[in-house]
Amino acid sequence: MPQTIRVAHSPDSDDAFMFHALANNKIDTGGFEFVHELHDIETLNQAAFEGKYEVSAVSFHGYCHIADDYAILPHGASFGDGYGPVIVTREPMTKEALRGVEIAVPGLLTTAYLTLRLYMGGDEPNHRVVHFDRIMDEVKSGAAAAGVLIHEGQLTYEEEGFHLVEDLGIWWKNETGGPLPLGCNVIRKDLGTETVRAVSRVLSESINYALDHREEALDYAMSYARDLPRAKADTFVGMYVNDWTRSYGEAGREAVRTLLSRAGSAGIVPEMTEPEFVD
């Protein structure tokens, strides 16, 4: 009987694109039975605390709390290379003014929230957790003065009439010179070295297949694009599934170390976390 591997990821076009080949039997699964579980990133972060899934997408912020049980797969990462989560408001607002207002955030374990705190000098802002796809509505209605947008909102906020306070990916690039590591795929260490490496190979093949068969994978991903026009969905997928996703490379790994080190130094995470990557 094949070993079941639950792969948990977000119901978004970029993750759907990445796992198209795996979900639609385009590649050899190596004798494993892969079952897909779809949840928003904050739910996945919380589930990883319990070790619920063998493989899961998590934020790098969330990874800091589960590093004893999960290792980072050498592929599948989402980086914001000169772009990333955006802080938006209904009316123009300065960075200093943000300190006095409530900010809607997509989850306390998201890297978006971690980066917001680094942007604010490490301080914990006045915040309220709102499901990521409701943040625009909260800001538009005035229920929250500002919001941190992730996913497709990064592409549509201008046409929705919002004002940009900061693109945290641009800010991070200016601060560090490198990309902002946002999310990663992790695997439970208790599966054992042989299984971990075998599963890693299959997942790598799925990512490579998608990038090598872009239009086919995008066709599948469109059902998860939340009404984005195809051209914008293609742009969004390209932002977060690219050569960084194939492999971190040393530059990508160094970017992760930089993020986690700064988070530890700022006291945002409980201790300094050295990222552990699967070979």
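As shown above, the structure is provided for reference.
Every value quoted in this text rests on a predicted model; they were computed, and no experiment measured them.

Calculation rules
- Note on numbering: residues in each chain are counted from 1, in written sequence order.
- Reporting in this predicted model follows two pLDDT cut-offs: at least 70 for local features of residues, and 80 or more for side-chain atom pairs to be given and counted; totals over whole chains, interfaces and linings ignore these cut-offs and use all residues.
- Side-chain metrics in this entry use all non-hydrogen atoms of the structure; hydrogen atoms and water are not considered.
- For each residue, the accessible area found with a 1.4 Å probe, counting protein chains only, is set against the maximum for its type, and the residue is called buried under 20%, exposed over 50%, and partly exposed in between.
- Put simply, DSSP marks the helices as runs of H or I at least four residues long and the strands as runs of E at least two long, and each gets a number from the N terminus on.
- Between Lys or Arg on one side and Asp or Glu on the other, a salt bridge is scored when a side-chain nitrogen of the former is within 4 Å of a carboxyl oxygen of the latter.
- A pair of strands is labelled paired if DSSP reports no fewer than 2 bridges between them.
- Here an angle of 0 to 180 degrees is reported between the N-to-C directions of two axes, which are lines fitted to C-alpha atoms, with helices fitted over the stretch in contact.
- Any pair of residues with heavy atoms lying within 4.5 Å of one another is described as a contacting pair.
- Within 3.5 Å is the distance limit for a polar contact, defined as a pair of N or O atoms, with the added protein rule that one can donate a hydrogen and the other accept it, and that residues adjacent in sequence qualify only through two side-chain atoms.

A. Region of the structure containing helix α6 (residues 111-119). Burial analysis of α6 places nine of its nine residues in the buried class, the great majority of the element. Of the residues making up α6, those classed as buried are T111, A112, Y113, L114, T115, L116, R117, L118 and Y119. Downstream of α6 by one or two residues, G121 has phi in the positive range, about 80°.

B. Representation of the pattern of salt bridges in the model. Applying the stated criterion across every chain, the model contains 23 salt bridges. Between D123 and R99 there is a salt bridge, with the nearest N and O atoms lying 3.5 Å from each other. Note that D123 is positioned in the loop between α6 and β8 (127-129) and R99 in the loop between α5 (95-98) and β7 (103-105), a separation of 24 residues in sequence. Residue D123 is classed as partly exposed on the basis of its relative accessible area, which comes to 45%. Here the salt bridges share partners, and the residues they tie into one network are D12, E152 and R226.

C. Structural context of the pairing of strand β6 (residues 86-89). Of the two faces of β6, both are covered, the one formed by V86 and V88 as well as the one formed by I87 and T89. Relative to strand β9 (residues 146-149), β6 is paired through four bridges, and the arrangement is antiparallel. Opposite V86, over in β9, you have L149 as the bridge partner. Sheet topology places β6 next to strand β10 (residues 163-167); four bridges connect them, and they run antiparallel. Bridge pairing in β10 links I87 to E166.

D. Representation of the sheet that holds β6 in the model. Taken together, five strands build an open sheet; the order of strands is β8-β7-β9-β6-β10 and the sheet is mixed. Whereas interior strands pair on both sides, the edge strands pair on one side only; in this sheet they are β8 and β10. The mean inter-strand angle of the sheet, taken between neighbouring strand axes irrespective of direction, is 25°. Sitting on the sheet, α6 is in contact with β6, β7, β8, β9 and β10, with an inclination near 145° to β7. The sheet strands contacting helix α9 (residues 168-176) are β6 and β10, and the helix crosses β10 at an angle near 35°.

E. Local environment of the side chain of D40. Within the secondary structure, D40 sits in the loop between β2 (33-38) and α3 (41-49). A polar contact of 3.1 Å, which involves the side chain of D40, links it to the backbone nitrogen of E42. Leave out the neighbours within four places in its chain, and D40 touches S10, P11, H131 and F132.

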